[in-house]
Amino acid sequence: MIQKKHILTFAFLTFALGLMAQEMRTVRGSVTDGTNPMKDVAIAVQGKQDVRTFSDADGKYEIQAEVGDLLEYSYTGMKDYLVRVEEVTRYMNLVMIPDVQELDEVTVTESRRKSQQDLALEYAGNSRILKTAYGYLDADTAPAQVRMLDQNSILPVALCILDVIRNQFPGITTTGNCQEGGAVIFRGGGSVSNQRVGIFDVDGLVLQQVPVWIDVNQIKRMALISSVAYTARYGAVGSGGVVVINTITGNPQMNKIVDQARLRNNYIKEPALDGAAVAYSEPTYMSAFRESTSFEDAQTVYSRYEAQYGSSPYFYLDAYKHFYQTLGETEFADQIIRENNRVFEKNASMLKALAYAYQEEGRYEKALEAFKEVFIMRPNYSQSYQDLSLGYRDAGAYDKAASIYARYKYLVDENFLLPSEDFSKIIQHESDNLLKLHASQIGANAKKIVSDPFVQNTTRVVVEWNETEAEFELQFVNPEGQYHNWKHTYAENEDRIIDEKMAGYSMEELIIDNALPGLWELNVRYDGNKSLTPTYLKVTTYYNYGERDQKKQVNTFKLTLRNNWQKLLSINNPGVSRVR
C-alpha cells in the first residue's frame, strides 16, 4: 500500500511539472525614486535581448513577458532589480534606490572590527570565525586571505588531514601519507631542499608535525593562511603558513546559539504598534464587521460590502476569517469561499493565504487541498514542495510528506530545480524533523537521523509570506529589551532576495536564544510589495523543536500598514531550564 501511495505521489508531481506551459502576459507599472517618476529606466526580460522597453516621462512602462521570466530593471547610478513574473503578475511598481557600492572606499564608516568578546559570543553561530592560539579570527576582516572549509564540505573518503588538504585546496602541495606523516607546503623557498612547510594550530595547540591522528569527521571548520601579515605572530615557525583546525570535541560550545541582540548596545526605545493602533489602516468593512453585534448583523454587513468588493479575494478572505474565527459560524464561512472560489482558483498567492488561515485553524485537509492547487501552478518553485510536504504531514500522511522531500532532492540533484543554500538548510531541518518524530509511520530508522544541533531542542520560529515580492523587517526583542532585526529588503539583503527569486521560495527560520528564557516579542515593519497589495504572513513557532514533546503554534497576519513597527505576537521561550 505504501508503494502505491508513493507511485500516486510521483504521478501527481510528474503531472504538475507537465503543466509548466508558459503563458504570455502584459506587465504594466511605474518606476519612481521614492518621490518622483523616473524616465528611461530600462526594463528587459533577462536572457531575451529583443524584449526590452523604457519607462516614459511619467515613469510608466509596459512589457510582454511569460510566466517564469525574470524582469530586469536598470538605470545608471541606481541598484538593478530582478522581478519574477508569476501567474498573478499584472502590475509591478518599483521604487529604485541609489547604488552606492562605489563609495565604500571613500566613505567614513564605523569599524567592522569586533572585539574578542564579541567574536567569542558569535563563534557558535558564525562559521567564518576560527579559534586560534592567539585568539579568535574573523575570516571576513582578517588582514590576510583565509581559505576556509567547514565540516559539510569534507569528503568522507578522506583518511587524514593530508587527504583533506590534497583534495580540497588546489595550489597547496602535500607530501607523505597518513601512516608516516608528511608536510604541507604553501610556497616554495630558495631551493627544493629548503622549502618552508606549514604548521598546524589545532584548537589553540601549535604543532609542527602534521596531526595525521585527527579524525577528519571531528573537524568542525579549518582554514589555510599563508599571509605573513597574520602568520608572523607564530614566529619563525609560522613563516611557511598555518593550517588552523577547530574540532568538535575541542570546542564544546560550538552548538550554543547566541542571541545576536546581546552583542550590541541596542535597546528598544519605543514600543511597536499593537492591533488597535494598526486597525485604522484596514478597509471600512472590517470596522463594520467588528461593530456588528450578531451573526445576522454581520451577514448584513457582508451583503452590503460585497457589491463594492465582490472582485477582491482580500474581502472574501477577511470575511471568511471573521465568520469562522470570530463568530464561529463555520458553515457560512465555508459557503463564502465555496461560492467565490473564482477569485482564488487561479491566484497562487491568495490560495497560499487561504491555506495559512486553514493551518491556523487546524483545518489541515483543507490546507492540503489549497497547497495542491498551488503546486500545480508552481511546480518549479522550491517552496511548493515544502508547502505540500507540510500539508501532508499536518494531515497525517507522513509517508507522502517524506516522498515529497525525496522528490525535491532528486529534482535538485538532476537540475530540474535550482539549488539554494539558504533554503536547503531550512528544508533539511524540516525533513530531518519529520523522519525523526514519525519514523515508525514512515518506516525509517530514527536512530540514523542526525539532527542539526543548531535547531535541536530550541524555540524555532518559521516565517512565511504569500507575496514573493514583499519587503519587510522582522524584529526580535528579548526579555531584557534588546532587539535583533532580520531585513528582507532589496536594499539591505539583495543577494538573499535574488536567491529567493531564482529558487522560488518565501520563508525563513530564526532560532531564539535558549540562554534567555522569558517573554520575547516579534515585531514587523512592512515596506509593501510591488503590486501595492496586502501581504499575508504566517508565523509558526515550534517549542522544544525535535523533541518528542515538540509543539507548534501557527499565527497569520495581514500586512497593510507600511513603514511602522507593529507587534505580531509574544513568544514565551522556555530556555534551558527544561530537563532533557
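Visitor: Describe the overall build of the protein chain, and please don't skip the residues or the numbers.
Guide: Helix and strand content of the protein chain: 16 helices and 24 strands. Out of the 580 residues in the protein chain, the part that is buried amounts to 51%. Taking the contacts inside the protein chain whose residues are at least 6 apart along the sequence as the reference set, 66% of them involve residues at least 24 apart. Surface summary for the protein chain: the accessible area is close to 28,000 Å², and the carbon and sulfur share equals 49%.

Visitor: Account for the pairing of strand β21 (residues 518-528), with residues named and values stated.
Guide: As paired strands, strand β18 (residues 471-477) and β21 are joined by seven bridges and run antiparallel to one another. Note that in β21 the partner of E473 across the bridge is R525. As judged from the eight bridges shared by β21 and strand β24 (residues 565-573), these two strands associate in the antiparallel manner. Across the sheet, the residue bridging to N523 is K567, located in β24.

Visitor: Describe the state of the cysteines, listing the residues and the values that go with them.
Guide: Across all of its chains, the model carries one disulfide by this definition. The side chain of C160 participates in a disulfide bridge whose partner is C178; the two sulfur atoms lie 2.1 Å from each other. Taking the torsion about the sulfur-sulfur bond, which here is approximately -75°, the covalent link between C160 and C178 counts as left-handed. Placement of C160 in the loop between β10 (146-150) and α3 (161-168) and of C178 in the loop between β11 (173-177) and β12 (181-185) is noted, with a sequence separation of 18 residues between them. Pair check on accessibility: C160 and C178 agree, each one buried.

Visitor: Quick one: what's the story with the nonpolar core, residue by residue and with numbers?
Guide: F289, Y302, L317, Y320, F323 and F344 are the most contacted members of the largest nonpolar core, which has 33 residues in total. If you list the elements that add at least two residues to this core, you get α6 (284-291), α7 (295-309), α8 (313-326), α9 (330-339), α10 (348-361) and α11 (364-377). If we ignore the near neighbours within four places in the chain, the residues touching F344 are P313, Y316, L317, I337, M350, L351 and L354. Among the nonpolar cores identified, the runner-up in size contains 31 residues, and Y392, A397, A402 and Y545 belong to it.

Visitor: An account of the sheet that holds strand β1 (residues 24-32) is needed here, citing residue identities and associated values.
Guide: Spatial strand order, β4-β1-β7: three strands in an open sheet with mixed pairing. With partners counted over all chains shown, the strands left at the sheet margins are β4 (60-66) and β7 (94-95), one partner each. Two strands pair when backbone bridges link them, and β1 and β4 are joined in this way by seven bridges, in the antiparallel orientation. Among the inter-strand pairings, T26 is bridged to a residue of β4, identified as Q64.

Visitor: Account for the environment of I245, naming residues and giving values.
Guide: Secondary-structure assignment places I245 in strand β16 (residues 242-247). According to the relative accessible area criterion, I245 is buried, its value standing at 0%. Setting aside residues up to four positions removed in sequence, I245 forms contacts with I161, F200, D201, V202, D203, I214, I219, R221 and M222.

Visitor: Give me the lowdown on the side chain of D387, citing residues and values where you can.
Guide: Position of D387 among the secondary structure elements: in helix α12 (residues 382-394). Here K352 takes part through its side chain, which lies 2.7 Å from a polar atom of the side chain of D387.

Visitor: Residue-level account of the pairing of strand β22 (residues 535-543), with values.
Guide: For β22, the tally of buried residues reaches nine of nine residues, placing the bulk of the element in the interior. Burial of the side chains of β22 extends over both faces: T535, L537, V539, T541 and Y543 are buried on one face and Y536, K538, T540 and Y542 on the other. Summarising the sheet, strand β17 (residues 459-465) and β22 pair through six bridges and their orientation is antiparallel. Looking across to β22, one finds that V463 is bridged to V539. Bridging between β22 and strand β23 (residues 551-559) involves nine bridges; their strand directions are antiparallel. Note that in β23 the partner of V539 across the bridge is N555.

Visitor: A description of the packing of aromatic side chains should follow, citing residues and the corresponding values.
Guide: A full pass over the atoms with the stated rule returns 31 aromatic pairs. Where Y302 meets F323, the ring centres are 6.3 Å apart and the plane angle is 90°; that geometry is what we call edge-to-face. One end of the pair, Y302, is in helix α7; the other, F323, is in helix α8, and 21 residues separate them in sequence. Considered together, Y302 and F323 belong to a single accessibility category, that of buried residues. Joined through ring pairs, the aromatic side chains of Y285, F289, F295, Y302, Y305, Y309, F315, Y316, F323 and F332 make up one cluster. The positively charged end of R84 is found above the aromatic ring belonging to Y381, 4.2 Å away from the centroid. Geometry around Y123 places R221 over its ring, the cationic atom sitting 4.7 Å from the centre.

Visitor: So, the pattern of salt bridges: which residues are in play, and what are the values?
Guide: Summed over the entire model, instances satisfying the criterion amount to 28 salt bridges. Between E494 and K79 there is a salt bridge; the shortest N-O distance is 3.2 Å. One end of the pair, E494, is in helix α16 (residues 494-503); the other, K79, is in the loop between β5 (70-74) and β6 (81-84), with 415 residues separating them in the sequence. For K79, a relative accessible area of 10% corresponds to the buried category.

Visitor: So what's going on with the confidence of the model for the protein chain? Which residues, and what values?
Guide: For the protein chain, the average pLDDT comes to 84, and 88% of its residues sit at 70 or higher. Note that pLDDT drops below 50 for residues 1-8; the model gives that stretch five contacts with residues more than four away or on any other chain.

Visitor: How would you summarise α6 if you had to cite specific residues and measurements?
Guide: Every buried residue belonging to α6 is among Y285, M286, A288 and F289, and all of these are buried. Along the axis of α6, the buried residues cluster in a sector spanning 160°; they form a single face.

Visitor: With reference to specific residues and values, describe unusual backbone geometry.
Guide: Its identity as a non-glycine residue notwithstanding, N544 has a phi of 55°, on the positive side. In this structure, N563 is a non-glycine residue whose phi angle is positive, near 60°. Relative to the helices and strands, N563 resides in the loop between β23 and β24.

Visitor: Describe the packing of α11 against α12, with residues and values.
Guide: The description of two helices packed together rests on the angle between their axes and the distance between the axes. Running from N to C, α11 and α12 point in directions that differ by 155°, and their axes come no closer than 9 Å. By the criterion of interaxial angle, the relationship of α11 to α12 is roughly antiparallel. In terms of crossing hand, the pair formed by α11 and α12 is left-handed. Between α11 and α12, the contacting residues are Y364, L368, F371, K372, V374 and F375 on the first element and S384, Y385, D387, L388, G391, Y392 and D394 on the second. Of the residues in the contact of α11 with α12, the class split is eight nonpolar, two polar and three charged.

Calculation notes
Starting from 1, residues in each chain are numbered consecutively following that chain's sequence as written. Per-residue local features are limited, in this predicted model, to residues with pLDDT of at least 70; the limit for side-chain atom pairs, both in listing and counting, is 80 or more; totals at the level of whole chains, interfaces and linings are taken over all residues. Heavy atoms from the whole structure form the basis of all side-chain values; hydrogens and water molecules are not counted. Runs of E in the DSSP output that reach at least two residues are strands. Runs of H or I that reach at least four are helices, and both are numbered from the N terminus. Residue burial is assigned from relative accessible area. The probe radius is 1.4 Å, only protein chains are included, and a residue is buried under 20% of its type maximum, exposed over 50%, and partly exposed in between. Any pair of residues with heavy atoms lying within 4.5 Å of one another is described as a contacting pair. In short, Shrake-Rupley with a 1.4 Å probe defines the accessible areas, and a residue's cover is counted only from the protein chains shown. Pairing between two strands requires that DSSP report at least two bridges joining them. In plain terms, two cysteine sulfur atoms within 2.5 Å form what is called a disulfide here. Put simply, buried Ala, Val, Leu, Ile, Met, Phe, Trp, Tyr and Cys residues joined by side-chain atoms within 4.5 Å make one nonpolar core. Counted as a polar contact is a pair of N or O atoms within 3.5 Å, where, for protein atoms, one must be capable of donating a hydrogen and the other of accepting one, and residues adjacent in sequence contribute only when both atoms are in side chains. Whether two aromatic rings pair depends on their centres lying within 6.5 Å, for rings of Phe, Tyr and Trp, where Trp uses its six-membered ring; planes under 30 degrees apart make the pair stacked, over 60 edge-to-face, and the rest tilted. Put simply, a charge is over a ring when the Lys NZ or the Arg CZ is close to the ring centre, within 6 Å, and near the line of the ring normal, within 35 degrees. Here, a salt bridge means any side-chain nitrogen of Lys or Arg that lies within 4 Å of a carboxyl oxygen of Asp or Glu. Within a predicted model, pLDDT stands for the predictor's per-residue confidence, ranging from 0 to 100. The reported arc concerns the directions from the helix axis to the C-beta atoms and nothing else. Throughout, an axis means a line fitted to C-alpha atoms (over the contacting stretch in the case of helices), and angles, computed between N-to-C directions, take values from 0 to 180 degrees. Angle categories are assigned with fixed cut-offs, so that under 35 degrees is roughly parallel, over 145 is roughly antiparallel, 65 to 115 is roughly perpendicular, and the rest are oblique. Take the far helix as the reference: if the near one is turned anticlockwise from it by less than a right angle, the crossing is left-handed, and if turned clockwise, right-handed. Three residue categories are used. Nonpolar comprises Ala, Val, Leu, Ile, Met, Phe, Trp, Tyr, Cys and Pro, charged comprises Asp, Glu, Lys and Arg, and polar comprises the others, including Gly.

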